[in-house]
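Coordinates in review
Below are the chains, spelled out letter by letter.
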Amino acid sequence: FEFGIRIENLVLVKECEKLNQRSTMIKKFYEFETISLVPFQKGLIDIGLLSNTSRNWVNKYHKRCLEIVGPKVKEKNPDAFLWLQKQCEEM
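Report follows, based on the coordinates. For clarity, every value in this text was computed on a predicted model and none was experimentally measured. Every chain begins its residue count from 1, and numbering advances along the sequence as written. The predicted nature of this model means local features are confined to residues of pLDDT at least 70 and side-chain atom pairs, given and counted, to a pLDDT of 80 or more, with totals for whole chains, interfaces and linings taken over all residues. Side-chain metrics rest on all non-hydrogen atoms present in the structure, leaving aside hydrogens and water.

Take the environment of Ser 36 next. Note on placement: Ser 36 falls in the loop between β2 (30–34) and α2 (52–76). For Ser 36, a relative accessible area of 17% gives the class buried. What makes two residues a contact is simply this: any of their non-hydrogen atoms within 4.5 Å. Not counting residues up to four positions away in its chain, the partners in contact with Ser 36 are Asn 9, Leu 10 and Tyr 61. We call two N or O atoms a polar contact when they sit within 3.5 Å, provided that within protein one can donate a hydrogen and the other can accept it, with sequence-adjacent residues counted only if both atoms are side-chain atoms. Here the side chain of Ser 36 touches Asn 9 through a polar contact of 3.0 Å, side chain to side chain. Of note is the side chain of Ser 36, whose polar atom sits 2.9 Å from the backbone nitrogen of Leu 10. Going along the chain from the N terminus, every DSSP run of H or I of four or more residues is numbered as a helix, and every run of E of two or more is numbered as a strand. Each residue is placed in one exposure class: buried if its accessible area under a 1.4 Å probe, protein chains only, is under 20% of its type's maximum, exposed if it is over 50%, and partly exposed if it falls in between.

Right, dumping it as structure tokens:
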């Protein structure tokens, strides 16, 4: 490949409550939370280059997009919801 695309999301850095509750360390643990929930254009992704872990991450991300954004889109625009469902199908 001569060119590629860059896929980016906005993320929030927040305390990881699950780890901090179990930890006896003084230092706190932090994690990233993706806050931009827009499906990736799968036609621009060469699925053959993705590891199973990466493919699963994208599928989980799309599932989250549909679960969180889907009801709001469906309420406002059923046609747009159909588009969103299609974009969030598993790879």
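Past the structure itself, the notes keep going.
This paragraph deals with the packing of aromatic side chains. In this analysis, rings of Phe, Tyr and Trp, with Trp reduced to its six-membered ring, are considered paired at centre separations within 6.5 Å, and the interplanar angle assigns stacked below 30 degrees, edge-to-face beyond 60, and tilted for intermediate values. Inspection of every chain in the model, using the stated rule, returns three aromatic pairs. Their ring planes at 25° and their centres at 4.8 Å tell us that Phe 40 and Tyr 61 sit as a pair that is stacked. Residue Phe 40 is located in the loop between β2 and α2, and its partner Tyr 61 is located in helix α2; the two are separated by 21 residues in the primary sequence. Classification of Phe 40 as buried rests on a relative accessible area of 10%. Given a relative accessible area of 4%, Tyr 61 falls into the buried group. Each ring, one from Trp 57 and one from Tyr 61, has its centre 5.5 Å from the other, and the planes form 5°; the classification is stacked. Pair noted here: Trp 57 and Tyr 61 are both in helix α2, with a separation of four residues, about one helical turn.

Relative to the helices and strands, Thr 34 is located in strand β2. Other than its neighbours up to four places away in sequence, Thr 34 contacts Asn 9, Leu 10, Val 11, Tyr 61 and Arg 64.

Right, let's talk about the packing of α2 against helix α3 (residues 78–87) for a bit. Interhelical geometry of α2 versus α3 gives an angle of 170° and a closest axis separation of 8 Å. By the angle between their axes, α2 is roughly antiparallel relative to α3. Together, His 62, Leu 66, Val 69, Gly 70, Val 73, Lys 74 and Lys 76 of α2 and Pro 78, Ala 80, Phe 81, Leu 84, Gln 85 and Gln 87 of α3 make up the contact between the two elements. For the contact of α2 with α3, a count of residues per class yields seven nonpolar, four polar and two charged. All axes are obtained by fitting lines to C-alpha atoms, using only the stretch in contact for helices, and the reported angles, taken between N-to-C directions, cover 0 to 180 degrees. Every angle not falling under 35 degrees, over 145, or within 65 to 115 is termed oblique; those three ranges are roughly parallel, roughly antiparallel and roughly perpendicular. Polarity classes work like this: nonpolar for Ala, Val, Leu, Ile, Met, Phe, Trp, Tyr, Cys and Pro, charged for Asp, Glu, Lys and Arg, and polar for all others, with Gly in that last group.

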